[in-house]
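Observations on the model geometry
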Amino acid sequence: IPKIMDFGVSQKNSVEEENNIEAWGTPKYMAPEYFNNGKIGFQADLFAVGMTLFELLSGETAIEENDVNRVIFLMAQGELRALQDLMPDVDESLNDIVMKFLEKEPYLRYSSAKNAMDTLQKYIDQTEEKLSEDEKKAKSTVDFMLNRINRKQDFPTISQHIVEINNLAEKG
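As the structure is a computational prediction, the values presented were derived from the model and not from experiment. (Residues numbered from 1 in each chain as written. Predicted model: local features only at pLDDT ≥ 70, side-chain atom pairs only at ≥ 80, totals over all residues. Heavy atoms only, no water.)

The next subject is the nonpolar core. If you look at the biggest cluster of nonpolar residues, it comprises 29 residues, and the most contacted ones within it are Phe 47, Met 51, Phe 54, Met 75, Leu 80, Phe 101 and Leu 102. Contributing elements (two or more residues each) for this core: helix H3 (42–58), helix H4 (68–77), helix H6 (92–101) and helix H7 (113–128). The leading source of residues in this core is H3, at six residues. In this structure Leu 102 touches Phe 47, Gly 50, Met 51, Phe 54, Ala 62 and Leu 80, once residues within four positions along its chain are discounted. (Core = buried A, V, L, I, M, F, W, Y, C linked by side-chain atoms within 4.5 Å. Buried < 20%, exposed > 50% of the residue type's maximum accessible area, 1.4 Å probe, protein only. Helix = DSSP H or I, 4+ residues; strand = E, 2+ residues; numbered from the N terminus. Contact = heavy atoms within 4.5 Å.)

Here is the structure:
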């Protein structure tokens, strides 16, 4: 089972003049509630997972901006790009899964990490049934790499919530 990890790229961001916000993290992966003074819960970590999935699949982030103040504004009040905007041929089910992680309102995201994991696993299982032999070989290479990462224990986790997600996945 792959683990979710933070590679130490977070930074302190202060936008006190405009929003009176001081937060730690990578703005493009921080949930809107960080910037809207909302209650921060496990849904914020699910948002970060969704942003990571978005970038892994598309090669780009859901926000085009690089200016930290503009990123924070867009996270708080703007719209994110849909996966289908960058990948018109993406499977609609996969687009829906990723975009559910990225809902602005925490209560519209997955109800739990287990629910998100189950949804992803169901999609993977359905997709694997359709794979050709070459695609199955490529998948086994990715599985091998993920297993190596899984065995390396010195990667720090994003937060305590991510530790809980990983524990749930192992109990699965």
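Let's shift gears to the confidence of the model for the protein chain. Averaged over all residues, the pLDDT of the protein chain equals 74, while 63% of them reach at least 70. Per-element confidence in the protein chain is highest for H6, whose mean pLDDT is 93, and lowest for helix H1 (residues 16–19), whose mean pLDDT is 42. The low-confidence segment residues 7–21 (pLDDT under 50) makes 30 contacts with residues lying over four places distant or belonging to another chain. Segment residues 153–160: pLDDT under 50, and 15 contacts once partners within four positions in sequence are set aside and those in other chains are kept. (pLDDT = per-residue confidence, 0-100.)

Turning next to the packing of H6 against H7. Interaxial distance between H6 and H7 falls to 11 Å at its minimum, and their mutual angle equals 165°. Classified by the angle between their axes, H6 and H7 sit roughly antiparallel to one another. In terms of crossing hand, the pair formed by H6 and H7 is left-handed. Of H7, the residues touching H6 (which contributes Ser 93, Leu 94, Ile 97 and Phe 101) are Ala 116, Thr 119, Leu 120 and Tyr 123. When its residues are assigned to classes, the contact of H6 with H7 shows six nonpolar, two polar and no charged. (Axes fitted to C-alpha atoms, helices over the stretch in contact; angles between N-to-C directions. Parallel < 35°, antiparallel > 145°, perpendicular 65-115°, else oblique. Left-handed = near helix turned anticlockwise from the far one by under 90°. Nonpolar A, V, L, I, M, F, W, Y, C, P; charged D, E, K, R; others polar.)

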